[in-house]
Amino acid sequence: MESIALKTAEAIASALLSRIRDGEFQSGRLPAERALSEAFSTTRITLREALGKLEAQGMIYRELRRGWFIAPPRLVYNPLHHSHFHAMATEQGRRATTEVIAAGEVAAQDAVATALGLASGSVVYCIRRLRRIDGRAVLYVEHYLNPHFFPGLLEEDLTRSLTDLYDQRYGIRYGGARFTILPGPLPDVAAPALNVATGSPGLLITRINRNQQKAVIDCDCEYWRYDALCVDVEA
């Protein structure tokens, strides 16, 4: 029975993939699972297996309580380029938006304090933002800043590029960065903002930034939907 179900799921996935490539779903959204189950005369279990295959291939994606959607092209991300989110999206013909979830002063926990070269419990700025590409939430990010370098920053428009804000208000430009890229499950803090279940696969990019004098100025913790990003590095 398992082999029959597997073949059925593969056949459904193949048929759906052909229809996607033929441009059948112009709205960008697949029919509801019940409608698809009836159309393929199959069970919801087998249908979900087929959908899971296409999701694993990056062809479709799921959002909680909304259903299944055709996956847009991944955003290409080169950590060696000192570009920012909005510029990177615009260069690739995409539309980027940023929403500020929270911003304020917090006591730095050990990992953040170590990254910033501060004592544990030191006061730092924390900015939590949700970032969208073409209306789709793809990135939840927490920025931790050493306030010594950025007096009054929390009063600024934090939906804009921090890279531009650093330069234009403080004369600070990036002089180096350390990146750590680690795949893993999305935590409670990020998953709901990205419209996925907690524990869904994601990509954590931690970036520690230095200024022109090589002093550490901030640390970013970026939680990406795994199907939204392509890391492409050319040295």
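Conventions used here
Residues numbered from 1 in each chain as written. Predicted model: local features only at pLDDT ≥ 70, side-chain atom pairs only at ≥ 80, totals over all residues. Heavy atoms only, no water. Buried < 20%, exposed > 50% of the residue type's maximum accessible area, 1.4 Å probe, protein only. Helix = DSSP H or I, 4+ residues; strand = E, 2+ residues; numbered from the N terminus. Pairing = 2+ DSSP bridges. Core = buried A, V, L, I, M, F, W, Y, C linked by side-chain atoms within 4.5 Å. Contact = heavy atoms within 4.5 Å. Phe/Tyr/Trp six-rings, centres within 6.5 Å; stacked < 30°, edge-to-face > 60°. Lys NZ or Arg CZ within 6 Å of the ring centre and 35° of its normal.

Bringing the pairing of strand E9 (residues 216–225) into the picture now. When you tally the buried positions in E9, you get 10 out of 10 residues, the bulk of the element. Relative to E9, strand E8 (residues 201–210) runs antiparallel, the two being bridged by 9 bridges. Residue Ile 205 lies in a different strand from E9, and its bridge partner there is Glu 222. Linking two consecutive strands that pair antiparallel, namely E8 and E9, is a turn of 5 residues; a positive phi of about 70 degrees is found at Lys 214 within it.

Formed by 20 residues in total, the largest nonpolar core has its most connected members in Leu 116, Tyr 144, Leu 186, Leu 194 and Tyr 223. Those elements that provide at least two residues to this core are helix H5 (110–116), strand E5 (123–133), strand E6 (136–145) and E9. With residues near it in sequence (within four places) discarded, Leu 116 still touches Val 124, Tyr 144, Leu 145, Asn 146, Val 216, Ile 217, Asp 218 and Cys 219.

Here the focus is the side chain of Glu 33. With respect to the helices, strands and loops of the structure, Glu 33 is situated in helix H2 (residues 33–39). Glu 33 has contacts with Arg 44, Leu 47, Arg 48, Leu 51 and Trp 68, leaving out every residue within four places of it along the chain.

What follows is about the environment of Ala 35. In this fold, Ala 35 is placed in helix H2. Here Ala 35 falls in the partly exposed class, since its relative accessible area comes to 37%. Once the C-alpha coordinates of Ala 35 and Ser 83 are considered, the two residues, 48 residues apart in sequence, prove to be 43 Å apart.

What follows concerns the packing of aromatic side chains. Given two aromatic rings, their pairing is described by the distance between the two centres and the angle made by the two planes. This model, assessed by the stated rule, comprises 8 aromatic pairs. Geometrically, the ring pair formed by Phe 149 and Phe 150 is tilted, given 6.3 Å between the ring centres and 55 degrees between the ring planes. An identical accessibility class is assigned to Phe 149 and Phe 150; each is buried. Geometrically, the ring pair formed by Tyr 166 and Tyr 174 is edge-to-face, given 6.0 Å between the ring centres and 75 degrees between the ring planes. Note on accessibility: Tyr 166 and Tyr 174 belong to one class, buried. Ring-pair connections join several aromatic residues into one group, and the members of that group are Phe 149, Phe 150, Tyr 166, Tyr 170 and Tyr 174. Directly above the aromatic system of Tyr 61 lies the positively charged group of Arg 136, at a separation of 3.6 Å from the ring centroid.

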